[in-house]
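Spelled out from the first residue to the last, the chains are:
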Amino acid sequence: MEMCGLLCSLLSALTILSSILLCVDGCDVAQSICGAHAPGDVVIGIMLPCHQKVKGIGERIRPENFLCSNFDLRSFLRSLAIIHELEEINAADFLPGVHLGYLMCDTCSYASKALQDVRHMLAVNGSLDVKCNYTDFRPTVKIILGALYSEESIALARLLNVYMVPLLSSTSSSPELSDKLRYPVFMRTIPSDYHQTKAVAKLMHQYHWNWIGVVYGDDEYGKAAFQSFLMDAETNDVCVAYHEVLPHNLDDSHSGERIKQVAQQIHSSSAQVVLLILKAELVEILFKEMIRTNTSRIWIASDVWSRSWSLAQMDDINRVGDILGFTFVAGKSESFDNYLKNLTATPGGYNYFIEEYKNLRFNCSSECFSIKPPSYCPSPELLKIKSGDACNFKEPQEQNDDYLVTAVDTSETFLSRVAVWAVANALKTLLKCNSSSCSGEINFPPWKLLKKLKEVRFKLDNQNFYFDKNGDFVNGYDLIIWEKFGHHRRFKKIGKYQVLHERVEVDVESFTWLSTGNITKPQSRCSASCLPGWVKKILNVSCCYNCTQCMEGTYSDGPDFNACKKCPNGTWSLKGWDHCKPRRDSYMRWSDPHPITLVAAAAFGILLLLVTLIIFLVYRDSPPMKRAEVRLSCVMMAGLAVSFASVVCFMGRPTIHLCRARQVMYAMGFTLCVSCILVKAYRTFLAFLPFGQITNRRLHRFYKPPVIVIVITTLQGIICLLWLILDSPHIDDTPPSPQSMTNIIQCSEGDTYIGFATMLSYIALLALVGFLLAFKGRKVPQEFSETGYIIFSMLMYLFVWVCFIPVYITNREKGTPVQASAILVSSYGIIFCHFLPKCYEALWGSKSDTLERILRRWRVISSPNLDSEAGSETYIDVPAMNISSQRNDRFSISSTSTILRNEVTPTDSEPVITSIPNEKSYSYPLPNMPATKMTRRRRSLSI
């Protein structure tokens, strides 16, 4: 029971992921995704890419429907061959009383799109049910014919394994699909690439080509075929001069650049033979680049493009050189050619792909041939399909001609027709058909058809067909050459490869090679001498050698070395070097320009603080200095001086003590400075924001500058102490990169960086709180506060360190100079925002502003409606007067008892200051004055 429950859970999860409703928001999704359908007693699924790619696959984020583009005429023809053969079987009454139908979906050459399609094909009553046992699973579609490419077939087969629905392909040739343990439902009417790569290697050996290049796609088909070829090449004394991989996705943003790189490799290599294991679309782009660079080679075609009619009709195709290839067994069908000349959808069904083709062929779209065609127009390649008489037709969907027969090689659809007959013969056995009727169950589980399909043997066009133990056909390959035919090419069979005997048989020995201009066979052999820094890489005992660069840490100091030497201890080499040398230690040396600049900036900052301190002490009795709180400012200067001094610890060869000292000095010094700024911001916040009596008293109770500064700085000290104890900074012992000759010696701020992050976050939190307090009191007159300076300096600090963090994380090598620079910038920001303006006011600024004028201006700003209200009174907290200190004009602010009162009277317009006794006051570092009651009288006016 437990095993059954576990199995049910696994199958439920898988099916939930793969299930999908056929109708979404009232839209018939199956009809929009599966573009062709004909009803029948037994429905055959068809999965072929009628379009070459999916639009915008690189930008796809939401699980929306796939939008396909670039109509694929060659694959479209394969689907028509299957449909035609199904109609032929029905017309011949091969299965008496049983009518075969089909459901065709467009995979758009994309595996995920194919998976979306197969879920629609297998859905029963709109969805896939979750079951523990799918033995009695009876979907409408009993078998799927497809897909075109191996990568799609691999993805589909993995999903179909769950339901044991057979997948029969006539094009997917990856050797991986022969593994029946992983792909028990997959079968094909072609041999595996295991045999094709043997045929290619034997052909090269037969023509004495042992120095070749390989270009393959990064899909499953390309990678598997390439690996198979490497083994066969070694057996046949063939050396691979280079191998390049291309992205199989045509929408890949780097595909164009990558193709140019591969083209340059082909052009620069001495290998005259190139094996292309690519899709026809990629080969076409590569050939265009070859034509552009005027490069001619001997091309060996894989089965995917060896009979590509569109490539054979390319402009200037004769300039690329000779093309040979192995193709699957092909054969013409006169009835199929006649079907193409009278193309129409199956009666009772629909085929949107035929409609799309007829629109491309017969629909009038003259505007698409203009200089600037509209966006809805097909690509220039597809415009070649357009009939010259397109604009003379009234009903494009009713038109037909022989274009498909002449423009595409219809003989390559032979194995697609063979696949249909294989299914028909298996059904005949399964349904127990005789000459008059079929007595078997029509709605059978798909696995029963799979079982019969593996046993089927039949004959078509005088050829015997059957599946081997791996589910593959072993009917061999045809060897063809693309001979010159005017300005284009045509296919000529010159031999064959027998799979069972593993032998290439060339029937036509003498033909003209484009590479040599006569019947002399072109040569492609090696090899050039290996230069110092390179060594010979022996690929085969009977073959020449390839030259490869010595890897990092090794070298060769002479030509044609068989192996690289290891660098002695204490030395290193980069890739391809012919000698070794010691690595250079990298740190902020005192003699380098950058460290000198940083130290000079730090020294200048300390000097500037010293000059500022002198000015503050000399002019300590001036109003600007009193408002700046000389003692608090001196504490700030001390913190900044320590912060500047920490920069010096960043210079020189790092030691564990310098690593610890520089961080602790900066943390304590800058925290001391920011805590003083926080006190100033809090002072202004309390002094000028109106609160009730109770609120004022509570907030004023916390205003104790010495205590605030000591507590804040002590907390930072505790953070640093814990940091040093638990995860102390040390010398970074990370080994240098193998690709670098520089040994970077730098500090690591701990193994986890938690302490470092906490220290910086604590300062950032203080800066943010100071910024918020200053921003709250930003409308207060600048003579009473430094809110503008605090806001700007704290914003500058936060901006600098927010920029520092990503640089420090992404480029640790630059972390040391960047942090030192960040310390300097944030420290200079405080100097320029807090100290220099006060020095300017003390030396050259106006000293004429009195307390009354300042308060009057602030009252007008903060209470603009007072003038319109006669007889109203406004209470504002102002500095409490300390009678004993009236001479030196020092001020303090009362928490609640000192009130500036406006009493509007008709006789007086000047402020009257009166004392309010018996009120407890709190001293603040503003100019000290006795507690006063200021009454402003204002004459009411009448107009």
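Not measured: the values here are computed from a predicted model.

Draft legend 1. Highlighting the sheet that holds strand 19 (residues 477–485). Overall, mixed pairing links the eight strands, which are arranged 12-11-13-14-15-19-20-21 in an open sheet. Each having just a single partner strand, strand 12 (239–246) and strand 21 (503–506) make up the two edges of the open sheet. On average, adjacent strands in this sheet sit at an angle of 25° to one another, irrespective of strand direction. Inspection of the sheet shows strand 11 (residues 211–217) paired to strand 13 (residues 273–277) by five bridges, in the parallel sense.

Draft legend 2. Here's a closer look at the sheet that holds strand 16 (residues 350–351). Reading across the sheet, the seven strands line up as 10-9-8-4-7-3-16 and stay open at both edges, with mixed pairing between neighbours. Each of the sheet's edge strands pairs with one partner strand only, and the pair in question is strand 10 (186–188) and strand 16. Both strand 3 (residues 36–38) and strand 7 (residues 100–106) contribute to a ladder of three bridges, which runs antiparallel. Among the inter-strand pairings, Ala38 is bridged to a residue of strand 7, identified as Tyr102. Lying on the sheet, helix 3 (residues 73–91) is in contact with strand 4 (42–48), strand 7, strand 8 (141–146) and strand 16; it crosses strand 7 at an angle near 170°. Most of the contacts of helix 5 (residues 150–163) go to strand 9 (residues 167–169), to which it runs at about 160°, and overall it touches strand 4, strand 8, strand 9 and strand 10.

Draft legend 3. Highlighting the pattern of salt bridges. Going through the model one piece at a time under the given rule, you end up with 25 salt bridges. Here Glu176 makes a salt bridge to Arg182, at a shortest N to O gap of 3.3 Å. Overall, the relative accessible area of 17% leaves Glu176 in the buried class. Among the salt bridges present, the one from Glu284 reaches Lys288, with a minimum N-O distance of 3.9 Å. Of the two residues, Glu284 and Lys288 both sit in helix 9 (residues 280–292), four residues apart, roughly one turn of that helix. Lys288 sits in the partly exposed class, given a relative accessible area of 42%. When salt bridges with common partners are traced through the structure, they connect Arg158, Glu176, Asp179 and Arg182 into a single cluster.

Draft legend 4. Highlighting helix 24 (residues 787–810). The end-to-end C-alpha distance of helix 24 is 35 Å, a good match for the 34 Å that 24 residues give at a rise of 1.5 Å each. Among the residues of helix 24, Thr787, Ile790, Ile791, Ser793, Met794, Tyr797, Leu798, Val800, Trp801, Phe804 and Tyr808 are the ones counted as buried.

Draft legend 5. Region of the structure containing the confidence of the model for the protein chain. Across the protein chain, pLDDT averages 80, with 82% of residues at or above 70. When the elements of the protein chain are averaged for pLDDT, strand 33 (residues 899–902) gives the smallest value, 31, and strand 9 the largest, 96. Across residues 847–852, confidence stays below pLDDT 50; counting only partners more than four residues off in sequence or on other chains, it has eleven contacts. A low-confidence stretch, residues 864–943 (pLDDT under 50), is modelled with 194 contacts involving residues beyond four sequence positions or located in other chains.

Draft legend 6. Structural view of the packing of aromatic side chains. For the coordinates displayed, the defined rule picks out 37 aromatic pairs. Their ring planes at 85° and their centres at 5.7 Å tell us that Tyr134 and Phe137 sit as a pair that is edge-to-face. As far as burial versus exposure is concerned, Tyr134 and Phe137 are alike and both buried. Here Tyr207 and Trp209 contribute two aromatic rings whose centre-to-centre distance is 5.0 Å and whose plane-to-plane angle is 20°, an arrangement assigned as stacked. The pair Tyr207 / Trp209 is uniform in exposure class, with both members buried. These aromatic residues form a ring-pair network of at least three members: Phe287, Trp299, Trp305, Trp309, Trp482 and Phe491. Taking NZ or CZ as reference, Lys279 lies 4.3 Å from the ring centre of Tyr149, over its face.

Draft legend 7. Quick peek at the nonpolar core. With 134 residues, the main nonpolar core has Phe76, Leu168, Met204 and Phe229 as its most contacted residues. Sorting elements by how many residues they give to this core places helix 15 (residues 414–430) first, with twelve residues. If we ignore the near neighbours within four places in the chain, the residues touching Met204 are Trp209, Ile212, Phe229, Val238, Val273, Leu275 and Ile300. Of all hydrophobic cores here, the second largest spans 66 residues; its members include Leu640, Cys676, Ile708 and Leu760.

Draft legend 8. Spatial organisation of the state of the cysteines. Taken as a whole, this structure holds eight disulfides when the rule is applied. Across a sulfur-sulfur distance of 2.0 Å, Cys368 and Cys377 are joined as a disulfide pair. Looking along the S-S bond of the Cys368-Cys377 disulfide, the torsion reads about -80°, which is the left-handed sense. Taken individually, Cys368 and Cys377 each receive the classification buried, so the pair is uniform in this respect. In this model, Cys659 is linked to Cys747 through a disulfide, with the two sulfur atoms separated by 1.8 Å. The S-S bond linking Cys659 to Cys747 shows a torsion near -80°; that makes this disulfide left-handed. Taken as a pair, Cys659 in helix 20 (residues 656–688) and Cys747 in strand 29 (residues 747–748) lie far apart in primary sequence, 88 residues in all. The class of Cys659 is buried, set by a relative accessible area of 0%. Under the relative-accessibility criterion, Cys747 is labelled buried at 2%. Considering cysteine sulfurs only, Cys673 is the nearest to Cys676, which forms no disulfide, with 6.7 Å between them.

Draft legend 9. Inspection of the packing of helix 19 (residues 630–648) against helix 25 (residues 815–843) at higher detail. Two elements in contact, helix 19 and helix 25, have axes separated by 9 Å at closest approach and are oriented at 160°. The pairing of helix 19 with helix 25 is recorded here as roughly antiparallel in orientation. Helix 19 and helix 25 meet at a crossing whose hand is left-handed. Contact residues: Ser633, Met636, Met637, Leu640, Ser643, Phe644, Ser646 and Val647 in helix 19; Ala820, Ile823, Leu824, Ser827, Tyr828, Ile830, Ile831, His834 and Phe835 in helix 25. Of the residues contributing to the contact of helix 19 with helix 25, the split by class is twelve nonpolar, five polar and no charged.

Reading the values: the criteria
Residues numbered from 1 in each chain as written. Predicted model: local features only at pLDDT ≥ 70, side-chain atom pairs only at ≥ 80, totals over all residues. Heavy atoms only, no water. Pairing = 2+ DSSP bridges. Helix = DSSP H or I, 4+ residues; strand = E, 2+ residues; numbered from the N terminus. Axes fitted to C-alpha atoms, helices over the stretch in contact; angles between N-to-C directions. Contact = heavy atoms within 4.5 Å. Salt bridge = Lys/Arg side-chain N within 4 Å of Asp/Glu carboxyl O. Buried < 20%, exposed > 50% of the residue type's maximum accessible area, 1.4 Å probe, protein only. Expected span 1.5 Å × (residues − 1). pLDDT = per-residue confidence, 0-100. Phe/Tyr/Trp six-rings, centres within 6.5 Å; stacked < 30°, edge-to-face > 60°. Lys NZ or Arg CZ within 6 Å of the ring centre and 35° of its normal. Core = buried A, V, L, I, M, F, W, Y, C linked by side-chain atoms within 4.5 Å. Disulfide = S-S within 2.5 Å. Parallel < 35°, antiparallel > 145°, perpendicular 65-115°, else oblique. Left-handed = near helix turned anticlockwise from the far one by under 90°. Nonpolar A, V, L, I, M, F, W, Y, C, P; charged D, E, K, R; others polar.

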